[in-house]
Amino acid sequence: ARFSYVRMKYLFFSWLAVFVGSWIIYVQYSTYTELCRGKDCKKIICDKYKTGVIDGPACNSLCVTETLYFGKCLSTKPNNQMYLGIWDNLPGVVKCQMEQALHLDFGTELEPRKEIALFDKPTRGTTVQKFKEMVYSLFKAKLGDQGNLSELVNLILTVADGDKDGQVSLGEAKSAWALLQLNEFLLMVILQDKEHTPKLMGFCGDLYVMESVEYTSLYGISLPWVIELFIPSGFRRSMDQLFTPSWPRKAKIAIGLLEFVEDVFHGPYGNFLMCDTSAKNLGYNDKYDLKMVDMRKIVPETNLKELIKDRHCESDLDCVYGTDCRTSCDQSTMKCTSEVIQPNLAKACQLLKDYLLRGAPSEIREELEKQLYSCIALKVTANQMEMEHSLILNNLKTLLWKKISYTNDS
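Please read all numbers here as calculations on a predicted model, not as lab measurements.

What counts as what
- Residues numbered from 1 in each chain as written.
- Predicted model: local features only at pLDDT ≥ 70, side-chain atom pairs only at ≥ 80, totals over all residues.
- Heavy atoms only, no water.
- Phe/Tyr/Trp six-rings, centres within 6.5 Å; stacked < 30°, edge-to-face > 60°.
- Helix = DSSP H or I, 4+ residues; strand = E, 2+ residues; numbered from the N terminus.
- Buried < 20%, exposed > 50% of the residue type's maximum accessible area, 1.4 Å probe, protein only.
- Polar contact = N/O pair within 3.5 Å; in protein donor to acceptor, adjacent residues only side chain to side chain.
- Contact = heavy atoms within 4.5 Å.
- Pairing = 2+ DSSP bridges.
- Axes fitted to C-alpha atoms, helices over the stretch in contact; angles between N-to-C directions.

Draft legend 1. Here's a closer look at the packing of aromatic side chains. Applying the stated criterion to the full structure yields 5 aromatic pairs. Ring centres 4.9 Å apart and planes at 25° place the aromatic pair Phe-70 and Tyr-83 in the stacked group. One end of the pair, Phe-70, is in strand β1 (residues 68–73); the other, Tyr-83, is in strand β2 (residues 80–87), with 13 residues separating them in the sequence. Between Phe-185 and Phe-203, the aromatic rings sit 6.3 Å apart at their centres with planes inclined by 85°, giving edge-to-face as the arrangement. Of this pair, Phe-185 sits in helix α7 (residues 183–190) while Phe-203 sits in strand β4 (residues 200–204), placing them 18 residues apart in sequence. The residues Phe-185 and Phe-203 share a single accessibility class, namely buried.

Draft legend 2. Spatial organisation of the side chain of Gln-81. Positionally, Gln-81 belongs in strand β2. Within the local environment of Gln-81, its side chain forms a polar contact with the backbone nitrogen of Arg-37, the two atoms lying 2.4 Å apart. Looking at Gln-81, its side chain comes within polar contact range of the main-chain nitrogen of Gly-38, at 3.3 Å. Among all residues touching Gln-81, those that are not within four sequence positions of it are Leu-35, Cys-36, Arg-37, Gly-38, Ser-75, Val-94, Lys-95, Cys-96 and Met-98.

Draft legend 3. Focus on the environment of Tyr-288. As for its position among the elements, Tyr-288 is in the loop between β7 (282–284) and β8 (290–292). When the C-alpha atoms of Tyr-288 and Lys-250 are compared, they prove to be 7.9 Å apart, with 38 residues separating the residues in sequence. Excluding residues that lie within four positions of it along the chain, Tyr-288 makes contacts with Pro-245, Arg-249, Lys-252 and Ile-253. Of the polar contacts made by the side chain of Tyr-288, one reaches the side chain of Arg-249; its length is 3.3 Å.

Draft legend 4. Quick peek at the sheet that holds β1. Here we have 5 strands laid out as an open sheet, ordered β1-β2-β3-β5-β4, and antiparallel in their pairing. Each end of this open sheet is capped by a strand with a single partner; those strands are β1 and β4. The sheet shows a mean angle of 30° between the axes of neighbouring strands, direction not considered. Pairing of β4 with strand β5 (residues 207–211), which is carried by 4 bridges, proceeds in the antiparallel orientation. Within β5, the position partnered with Leu-200 by the bridge is Met-210.

The analysis is restricted to geometry; functional conclusions fall outside its scope.
Shown next, in the form of structure tokens:
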């Protein structure tokens, strides 16, 4: 009887292990196939390229020689494909839009990518001058009536000329037009000479390749998603703090984020708003220089204001884009106001607070904490906000640089 009981117990636990293991494999496979649609993206792009609809510097490598290939899937949404990739032995990040991105979404999924409307502009017979006018009008709607938009249009034509033959073909123009609907691509072009913006390596249609970043989060270590399910959030935060660089290196990374905030705050083509300042969107290289990993939720202020100002709302919770761009709900009209409450700097300081205060040298900890809380309290509506913004940002950078300037880690 004892032998039979032990045998039954063994069989039960063996069956349970097989069942749980099979369930985990099934869920992981289902999740992967839903999120990772790189084959679909490549097929659509290459079909369009082979029929002459689109062109770009990455097209031949992707569709003919196959020296550009997708590696590890990094997608977090089915409609925004992202992969580690290799292009001619150079590492990069491949991004492909599996949806039309003609407007900002506010928590709702956009319509699936429509192939009928994909790469429909400009049409055959459009002159380069007419294409320039199209791009100028798009920039005016996105960025506002800036005096130097003509310079940006010329910059875009230079980028669009992927084969560098001095002319923009119809295929190159269709690719450029599709890419200009994406805020991340536009921002990469505008900030192409800035240190903390990833470099654009090439494109084909609305697929583009950008430089990869060695470390892809400010915090923690990467764990399999199955393990993540069983780790309490509080314990996970403690783990994150343990696996961070030394404090001088964290200070250097933080200075990089502050410099990026300067780059997008009233830059040469207007102000951009950081609408998702989570740590997963930031990374750094082996020299601990900050690099942006994902800029898809950094949007032109003019564009956001125009889209949100007449949005119906019941409360302030209805007036949010991304996770961090919040306006208020006007209860008299039940419409969202257009003024974002927090500037980029306040959101960056909120992210950096725990990151910098943990392990901070005792001689600057009190002053650092004071400056960070002053920064977090910064409001767009405050009197002399721009002056206060510059003062707080410069004070923080000075305090951090002064402490790490003569250390090996810096």
